[in-house]
Amino acid sequence: MFLHITDARPLHDYVVAVRFDNGESGQADLLPALQGPMFAPLLDQALFKALCVDPELKTIVWPNGADLAPEYVYFLAFRDRPELQRTFANWGYMAESVSH
């Protein structure tokens, strides 16, 4: 599954409303991603809120050059949906917990 983000806007704290090219919309708390030298500066709310969707990358980007994989944002938005658990495990975002 290849996903692209078509729209994103900050809501509160580090939560972003996102829309994907598969038609789904949700809210993703991006705080877990804000670690390391590229992402830690985004803890500054002013910089975090400067996010936009890059028309070429089709994902969320920030002025400091940080960007997130659309699949990771999708995972953060829909991590609790039972029907997606195997997909997320296959992507490496969680331990495989679905029986085969």
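The rules behind the values
Residues numbered from 1 in each chain as written. Predicted model: local features only at pLDDT ≥ 70, side-chain atom pairs only at ≥ 80, totals over all residues. Heavy atoms only, no water. Buried < 20%, exposed > 50% of the residue type's maximum accessible area, 1.4 Å probe, protein only. Helix = DSSP H or I, 4+ residues; strand = E, 2+ residues; numbered from the N terminus. Salt bridge = Lys/Arg side-chain N within 4 Å of Asp/Glu carboxyl O. Pairing = 2+ DSSP bridges. Phe/Tyr/Trp six-rings, centres within 6.5 Å; stacked < 30°, edge-to-face > 60°. Lys NZ or Arg CZ within 6 Å of the ring centre and 35° of its normal.

(A) Local environment of unusual backbone geometry. If you check the backbone angles, D13 has positive phi at about 45 degrees while not being a glycine. Relative accessible area serves as the criterion here: at 53%, D13 is assigned to the exposed category. Despite not being glycine, K58 has its phi angle at roughly 60 degrees, a positive value. Mapping K58 onto the fold places it in the loop between strand 4 (52-53) and strand 5 (60-61). K58 sits in the partly exposed class, given a relative accessible area of 37%.

(B) Structural context of the pattern of salt bridges. Counted by the stated rule, this structure contains three salt bridges. Between R19 and D7 there is a salt bridge, with the nearest N and O atoms lying 3.8 Å from each other. Here R19, found in strand 2 (residues 15-20), pairs with D7, found in strand 1 (residues 5-12); they are twelve residues apart in sequence, far enough to count as distant. Given the relative accessible area of 30%, D7 is considered partly exposed. One salt bridge connects E24 with R81, and the closest N-O pair in it is separated by 2.4 Å.

(C) Geometry of the pairing of strand 1. Pairing of strand 1 with strand 2 involves six bridges; the strand directions are antiparallel. Paired with A8 across the strands is V18, a residue of strand 2. Where strand 1 folds back onto strand 2 in an antiparallel hairpin, the turn is made up of two residues, including D13, whose phi is positive at roughly 45 degrees.

(D) Quick look at the packing of aromatic side chains. Taken as a whole and assessed by the stated rule, the structure comprises 13 aromatic pairs. For the ring pair Y72 and Y93, a centre distance of 5.2 Å and an interplane angle of 50 degrees mean the geometry is tilted. One end of the pair, Y72, is in helix 3 (residues 70-78); the other, Y93, is in the segment after helix 4 (85-91), and 21 residues separate them in sequence. Ring centres 5.7 Å apart and planes at 55 degrees place the aromatic pair F88 and W91 in the tilted group. One end of the pair, F88, and the other, W91, are both in helix 4, three residues apart, so they sit about a helical turn from each other. The class of W91 is partly exposed, set by a relative accessible area of 25%. One aromatic cluster in this structure is built from F20, Y72, Y74, F75, F78, F88, W91 and Y93. If you follow R81 out to its NZ or CZ, it ends over the ring of F78, 5.0 Å from the centre.

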